[in-house]
Amino acid sequence: MFTKVCNEQMKKYGRTRKAVTEAIRICKDRNVLSEYLSSKESEVVDIMMVLYDEEEIMRSYVESEVYEATQKAQYDEKVETAKRFLKMNKFSYDDIAVGSGLTIEEVEELANGLQPV
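Residues numbered from 1 in each chain as written. Predicted model: local features only at pLDDT ≥ 70, side-chain atom pairs only at ≥ 80, totals over all residues. Heavy atoms only, no water.

Attention shifts here to the overall build of the protein. On a plain count of helices and strands, the protein comes out with five helices and zero strands. In the protein, the order of α-helices and β-strands from amino to carboxyl end is α-α-α-α-α. For 117 residues, the compact-globule estimate of 2.2 N^0.38 gives 13 Å, and the C-alpha radius of gyration of the protein, at 27 Å, exceeds that figure by more than 25%. Overall, the protein is about 80 × 20 × 15 Å in size when its C-alpha atoms are taken along their principal axes. Long-range contacts, defined as pairs at least 24 residues apart, comprise 42% of the intrachain contacts of the protein with a sequence gap of at least 6. About 8300 Å² of surface is accessible on the protein, with carbon and sulfur atoms providing 53% of the total. Taking the average place of the 17 positive charges on the side chains of the protein and the average place of its 23 negative ones, the gap between the two points comes to 8 Å. (Helix = DSSP H or I, 4+ residues; strand = E, 2+ residues; numbered from the N terminus. Rg over C-alpha atoms; globule rule 2.2 N^0.38 Å. Contact = heavy atoms within 4.5 Å. Areas by Shrake-Rupley, 256 points an atom, 1.4 Å probe, with all protein chains shown as cover. Lys, Arg positive; Asp, Glu negative; His and termini not counted. Charge placed at Lys NZ, Arg CZ, Asp CG, Glu CD.)

A surface patch of negative charge is lined by Asp94, Asp95, Glu105 and Glu108. At the level of secondary structure, the elements contributing two or more residues to the negative patch comprise α4 (93-100) and α5 (104-111). (Patch = residues over 30% accessible without salt bridge, like charges linked within 9 Å, V, L, I, M, F, W, Y side chains within 5 Å. Salt bridge = Lys/Arg side-chain N within 4 Å of Asp/Glu carboxyl O.)

Function-wise, these values are silent; they only describe arrangement.
Given below as structure tokens:
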């Protein structure tokens, strides 16, 4: 019940101290963990805020990892496109750079057998 009330208050106030204190107030009014919450309210608030912070850090980390993986996949796709154009031996480095989305320098590195940085 406590978790349900906390989730409702988070939806209303976000991951804030206000959400936690309101959840505690509501739970005490409904006689949910009221004795414990009355005696340990400040500790519960502190713990909940740490949990919210840790969840936010984890969410941010996951978003960052997904973004980096997406960027790498897009870059790898550009490199593969440029390699295909190079194998055709029909296009200038400028044309390959435009067609693949790589720089001319990166295309030149691919043409010389090096992996672009």
